[in-house]
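These are the residues of each chain, in order.
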Amino acid sequence: GAVGGVATESKEKRQAQDQERISDILLLQTALDQYFTAYQRYPKNLSELVTAGLLTSLPTDPKTDEPYLYNPLSEPPLYYSISFILAEDAGSFKAGFNSVTN
């Protein structure tokens, strides 16, 4: 349906996008863990995961095509947070802004 002339996405499509976001975050966390094992620190930015050969490309948000917000914490980075936004509640995550940390 349309609201105020703007087409709204179906709940199914929003849920599918959210599942993709969660799977992207899990993929990033796995690559970050592998990076940490190899270098005893986390990367300063996510593109280092590609440079290191742990990912072929960086996942982006399925709706906005923007990269996920990665924030290395401390110097050298021994902790991190990755932020993402969900359209619907999904598993242990709630709709809206979410952040995973290690």
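All of the points below concern the structure found in this document. (Residues numbered from 1 in each chain as written. Predicted model: local features only at pLDDT ≥ 70, side-chain atom pairs only at ≥ 80, totals over all residues. Heavy atoms only, no water.)

Counting its secondary structure elements, the protein contains 2 helices and 5 strands. Along the protein, from the amino end to the carboxyl end, the secondary structure elements read β-β-α-α-β-β-β. By its C-alpha atoms, the protein is 50 × 25 × 20 Å across when sized along the principal axes. Classification of the 102 residues of the protein by burial places 31% in the buried group. Here the contacts in the protein between residues at least 6 apart in sequence split such that 43% fall between residues at least 24 apart. Of the roughly 6,200 Å² that the protein leaves accessible, carbon and sulfur atoms contribute 55%. (Helix = DSSP H or I, 4+ residues; strand = E, 2+ residues; numbered from the N terminus. Buried < 20%, exposed > 50% of the residue type's maximum accessible area, 1.4 Å probe, protein only. Contact = heavy atoms within 4.5 Å. Areas by Shrake-Rupley, 256 points an atom, 1.4 Å probe, with all protein chains shown as cover.)

All told, the structure shown has 8 salt bridges when counted by the stated rule. Arg14 is the partner of Glu88 in a salt bridge, and the nearest nitrogen-oxygen pair spans 2.6 Å. You can see Glu88 sitting in the loop between strand 4 (79–86) and strand 5 (96–101) and its partner Arg14 sitting in helix 1 (residues 11–39), a full 74 residues away along the chain. By relative accessible area, Glu88 is classed as buried at 13%. Classification of Arg14 by relative accessible area gives partly exposed; the value is 25%. Arg41 is paired through a salt bridge with Glu48; the nearest N and O atoms lie 3.6 Å apart. (Salt bridge = Lys/Arg side-chain N within 4 Å of Asp/Glu carboxyl O.)

Here the focus is the sheet that holds strand 3 (residues 69–73). Read from one edge of the open sheet, 3 strands run 3-4-5, paired in antiparallel fashion. Edge strands, defined here as strands with exactly one partner in the open sheet, are strand 3 and strand 5. Strand-to-strand twist in this sheet, taken as the mean axis angle between neighbours without regard to direction, amounts to 20°. Two strands pair when backbone bridges link them, and strand 3 and strand 4 are joined in this way by 5 bridges, in the antiparallel orientation. (Pairing = 2+ DSSP bridges. Axes fitted to C-alpha atoms, helices over the stretch in contact; angles between N-to-C directions.)

Glancing now at the layout of surface pockets. Within this model, the largest pocket holds a volume of roughly 150 Å³. Around the largest pocket, the lining residues are Asp61, Thr64, Glu66, Pro67, Tyr68, Leu69, Ser83, Phe84, Ile85 and Phe97. At 3 residues, strand 4 tops the list of elements feeding residues into the lining of the largest pocket. (1 Å grid on protein atoms, 1.4 Å probe; cavity = no way out; pocket = protein on both sides within 12 Å on 5 of 7 lines; lining within 4 Å. Points joined across faces, edges and corners; volume = space filled by probe spheres on them.)

Looking now at a nonpolar patch on the surface. Where nonpolar side chains cluster on the molecular surface, the patch consists of Leu73, Leu78 and Tyr79 and spans about 250 Å² of accessible area. Considering the arrangement of structural elements, one finds Leu73 in strand 3. (Patch = residues over 30% accessible without salt bridge, like charges linked within 9 Å, V, L, I, M, F, W, Y side chains within 5 Å.)

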